[in-house]
Structure formats: C-alpha cells, structure tokens
Amino acid sequence: MAKDYRAMWEKLGINLQAHDGLLSVLSDAYKGMYLAQSNRPKGMGYFDFVISEVHGLRIEEIVAAKEQGRPVIGTFCVYVPEELVLAVDGVCIGLCAGAEVGFDEAEKYIPRNTCALIKAFMGFKLAGLCPYVQTTDLIVGETTCDGKKKAYEALEDITGKVYVMELPHMKSPEGRVLWESEVRRFAGKLEELSGKKITLEKLASASELVNSKRKALLRLAALRAADPAPISGLDALLVNQVSFYDDPVRFTQSVNALCDELEDRVRRGEGVAAKGAKRVLISGSPMAIPNWKLHAIIEGSGAVVVGEESCVGERGFRELLDTGFATVQEGMKKIADRYLTVDCACFTPNTERMDNMTGMADRLKADGIIHYALQFCTPYMMEAFKAKKAADAHGKPFLRIESDYSMEDFGQLKTRIEAFLEILGNGTAR
Ligand code: SF4
Ligand code: SF4
C-alpha cells in the first residue's frame, strides 16, 4: 500500500500488528493466484488497485462519508435491500469474510462446527482486523440459516449495533406479507438512523443505481459464455466480491469498461484459456473475499470457471428491480418482490435454484458442475443432493465438494478436481 493508513486504523481500533500480518498474507496470496495469471484483461487493473487498497483508500472514503453524516450499513446477505440504504444516502458494505482469521476468538462465542463464513466474520471483529465493521453504524443480520441467526445474537452482545430482518423460509402468500412488512420496518430504521426521509425521488434514483450495477454484472456474466472465455473465473469472482463494498458508481463504470474490453476480445476470439478448454460452473455457498481456493485449483488444472450460481455470483444480481413505481409504498412492494426471488437454500421448497443452476450450465456452455458447500453449511450441503439429481437429469457431470478456508485440503481437492475434469466432455456423470 502506497500510503500509510496506520493512524486511521489505530483510531478505528484495529490491532495493528496482527493487521500487518494479515495484509502481508493477503498480498502474497493475491500475487500467487491473481497476478501470476497470463493474458489478463487490462480492465482488471482497477480491481488490482482496489485490492491493494482494500483496507486503505476505501476505508478512508467510508470514514469521510461518515464525517458528512452518512450512515454506514454493514450487511451479510443479498436479501438486505441496498436500494433502501442508498435512498438515505447511506454507504452499504458487505461484511462477509473469506479467510481463516480469529477462529480461536470466535470459538469462544460460537461452536467449532460452525461454517467458516460465520466464524470469519466473528473472528475478524474479535481479532480487531476488520476496519469495515469498525466503521459501521448498523450491522444488519437476517434470519436465513440457523448459524447466522444465533451468531447475530453474539455479535449484538459484542457490538451493540445489530439489527435483524426476519426473512420467511417459505415463499407463501403469508411469507410474502411478512417480508414486505420487514422491508418497511428496515426502511423506517434507516430513516430513524439517518434522520432522512425516503422520498420517491431518492428511492427511484437509488433503485436505478443498484440496477445499473446489476446490469454491468449481468453483462460480465453473459460474456463468460464465449469460447474461449475472455476472462478467468478467478478474475470474474474478484469483480463479484468487490461489488459488495466498492463505491457503486465507480464500480459500475469499471465493470462496464472491463466489459467493453471483453467484448472486443470475444470479437477477436481471444481468451484466457485455449478454445475448447474444459468449462466448469460452480454452484453453492458464497465465496467471500479472499476465498479463491476452488477457482485457483480448477483454473490451475487447465479448466476455466465460467459462472457462479452463488450469492457472490448470479444469485445476487440475476433479477433487476422493477423500477416502474409511482409512490414510495409501491416501491417497497417491488423491492419485497424482487428480493424474494433470491433462491437461497434456506428456503423450502427451493426448486427454482435447480432450474437456475441447470439453466446457467446450458447458457454458459459448462461441461460440468462443481457443487461447493462450506463445511457445516447445512442448507447447501443438504441441497447438494437435489442439485446432483437435477444435474444428472440434465446430463451434466457433477462433483460435490465440501471445504473450508484452510489450505490443508488443497492437494486432496486438486486430485479430485483433476479426476473430474478428465471425465468432462465424455458425458460420464458422477
Ligand atoms: S447463501 Fe443465503 S444466507 Fe448466505 S448470503 Fe446468500 S442468500 Fe444470504
Ligand atoms: S455459508 Fe451456509 S451456513 Fe454459512 S452463513 Fe451462509 S448459509 Fe449459513
């Protein structure tokens, strides 16, 4: 990092010594997995810069926004409506973490057999390593999986600023009514926190902004259907990860600039892997930054990841918000409708996820599907069985993987993935 941010971090209560160690590990991992790739699009330069400043410039911007009286809202889930946060001039940041950090501390509050994503967000907070969580005025949880629900209680004890949205687990008419009332309750909380009213004008412009971000991500996702793939799965994953905390206007412009370049690559038939390289769709639990392990193994084995059926992937931006609303009340309804289309495994039944997964596999011309569940992530581990059935019925080879954030299983995963890649293209489902 070019600038010295230590004074800012100290003010935010960061454990400086441990933080130095974290940044150095992150920088080494990035060099090894990202900068070592060949023929990367030039447009990835922006995202390299974002990563080099992940705890620097962006935090400085957020601190400046706070000083202007803008509320900073931390979230953990794609069900939390970003439009509402932006409609009160708030800053919305994703707090999910993808590294094995502070687990010993976390295990004083939550069981050892909790998924790594939950342990990491607890661990980052407890070890004093996340400047994002330190800047938040409100941390928004949601009643999705049991692990998160109970972890939010512990996080509330630690931070005193947790707000939980009640998400139904069935998309029934009653569930829909509950969810719309929760969307309204959240809007009221944001108005109270910011001292600003959500007006039609504000809601409309926030909705357009979030949709423009989704459209840029959809454009990127569609370009990955080309053979040869114009961008690696690792790079596309990074773009998706950065979408959760970057400035939305700048991010959208940068993704669109990247897509202009990729369109040109597609026209010229230029790619990051050879034409005909094995193509893999990933489906399952979200991969928070810097969880790059699976993509690195697959692409290090000569295949290319062409899509993520995941919240850090198409599940998070597949549906646009219908912005044809004439009142704030109508806008709330449309927001409730849009967010209830998200096909998280915490819902029952959740058949639309299977259709979305096989639909993506077809559209992106994937040769096979790798289902990824974080260990102890019961919703996605359970749905893996249905996903396999759907993939089998669709004639797509399928591999089920459970992993965590450690590198201990790297070799074992590599062996399994290489064996899976061998069978792709010859139609043998597993
Ligand atoms: S997997 Fe489910 S709980 Fe996790 S971020 Fe996605 S929607 Fe939220
Ligand atoms: S990865 Fe699974 S267990 Fe972990 S927070 Fe998300 S839904 Fe819950």
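A brief report on the enclosed structure follows. Since this is a predicted model, take the numbers as computed values, not measurements. (Residues numbered from 1 in each chain as written. Chains lettered and ligands numbered in written order. Predicted model: local features only at pLDDT ≥ 70, side-chain atom pairs only at ≥ 80, totals over all residues.)

**Quick look at the packing of helix 14 (residues 293-300) against helix 19 (residues 410-423)**
Short version of the rule: Axis lines are fitted through C-alpha atoms, for helices just across the contact stretch, and the angle between N-to-C directions can take any value from 0 to 180 degrees. In this text, helices come from DSSP runs of H or I with a minimum length of four residues, and strands from runs of E with a minimum of two, each type numbered from the N-terminal end. Roughly parallel here means an angle under 35 degrees, roughly antiparallel means over 145, roughly perpendicular means 65 to 115, and every remaining angle is called oblique. Crossing handedness is defined as follows: a turn of the near helix away from the far one that is anticlockwise and smaller than a right angle gives a left-handed crossing, while the clockwise case is right-handed. Working definition of a contact: two residues with C-beta atoms, positioned from the backbone, lying within 7 Å. Residues are grouped as follows: Ala, Val, Leu, Ile, Met, Phe, Trp, Tyr, Cys and Pro are nonpolar; Asp, Glu, Lys and Arg are charged; all remaining types, including Gly, are polar.
Helix 19 packs onto helix 14 with a crossing angle of 50° between their chain directions and a minimal axis gap of 10 Å. Judged by the inter-axis angle, helix 14 sits oblique to helix 19. Considering how the two elements wind past one another, helix 14 and helix 19 form a crossing that is right-handed. For the pair helix 14 and helix 19, the contacting residues are K293, I297 and I298 in the first and F410, L413, K414 and I417 in the second. A per-class count over the contact of helix 14 with helix 19 returns five nonpolar, no polar and two charged.

**Things to note about the site of ligand 1**
To keep it simple, the criterion reads: Whether a residue is near a molecule or strand depends on its C-beta atom, placed from the backbone, lying within 6 Å of it.
The immediate surroundings of ligand 1 are formed by C77, V78, Y79, T144, C145, P286, C311, V342, C344 and C346. Here the residues of the shell around ligand 1 sort into nine nonpolar, one polar and no charged.

**Some thoughts on the environment of A120**
So the rule is basically this: Buried residues are those with 20 or more other C-beta atoms within 10 Å of their own C-beta, exposed residues have 12 or fewer, and partly exposed residues lie in between; C-beta atoms are placed from the backbone.
Summarising the element assignment, A120 is placed in helix 7 (residues 116-126). The buried category is assigned to A120, around which 26 C-beta atoms lie within 10 Å. As for A120 and L262, which are separated by 142 residues in sequence, their C-alpha atoms are 34 Å apart. Excluding its chain neighbours within four sequence positions, the residues that come into contact with A120 are A97, G98, A99, E100, V101 and Y405.

**Focus on helix 2 (residues 16-35)**
The following threshold applies: Here, the arc refers to the directions that run from the helix axis to the C-beta atoms.
Residues of helix 2 that are buried: H19, L22 and Y34. Across the axial projection of helix 2, the buried residues extend over an arc of 60°, all falling on one side. Facing away from the buried side of helix 2 by more than 90 degrees, the exposed set consists of Q17, S24, D28, K31 and G32. Of the surrounding secondary structure, the elements contacted by the buried residues of helix 2 are helix 1 (6-11) and helix 12 (233-242).

**Here's the deal with unusual backbone geometry**
Residue P290 is reached from I289 by a cis peptide bond, and omega for that bond is 0°. Tracing the backbone shows P290 in the loop between strand 5 (279-284) and helix 14. A cis amide bond links T348 with the next residue in sequence, P349, at an omega value of -15°. Examined against the element boundaries, P349 turns out to sit in the loop between helix 16 (328-339) and helix 17 (351-363). Positive phi is not limited to glycine here, since D89 has a value of about 65°. Of note, F376 is a non-glycine position whose phi angle comes to about 75°, a positive value. Within the secondary structure, F376 is located in the loop between strand 7 (368-374) and helix 18 (378-393).

**A closer look at the site of ligand 2**
Near ligand 2, the surroundings consist of C115, L117, I118, T144, C145, G147, K148, S285, L374, C377, P379 and Y380. At the level of secondary structure, the elements contributing two or more residues to the shell around ligand 2 comprise helix 7, helix 9 (146-159) and helix 18. Of the residues in the shell around ligand 2, the class split is eight nonpolar, three polar and one charged.

**Structural notes on the sheet that holds strand 7**
Put simply, the rule is: Note on pairing: two strands pair once DSSP finds at least 2 bridges between them.
Reading across from one edge, 6-5-7-8 is the order of the four strands in this open sheet, with parallel pairing throughout. Two strands bound the open sheet, and with one partner strand each, they are strand 6 (304-309) and strand 8 (398-403). Each adjacent strand pair in this sheet contributes to an overall mean axis angle of 25°, direction not counted. This element, helix 17, spans strand 5, strand 6 and strand 7 of the sheet and lies at about 155° to strand 6.

**Let's talk about the environment of K119**
Positionally, K119 belongs in helix 7. Here K119 falls in the buried class, since 30 other C-beta atoms lie within 10 Å of it. For the pair K119 and G21, spaced 98 residues apart in the sequence, the C-alpha separation amounts to 19 Å. Contacts of K119, omitting those with residues within four sequence positions, involve F103, A106, I110 and T114.

**Quick word on the sheet that holds strand 1 (residues 72-75)**
Across the sheet, four strands lie side by side as 2-1-3-4; this open sheet has parallel pairing. Of all the strands in the sheet, just strand 2 (91-94) and strand 4 (162-165) have a single pairing partner and so form its edges. Across the sheet, the mean angle from the axis of one strand to that of its neighbour is 30°, orientation sign disregarded. Looking at chain direction, strand 3 (residues 138-142) and strand 4 are connected through four bridges and run parallel. Paired with E142 across the bridge in strand 4 is M165.

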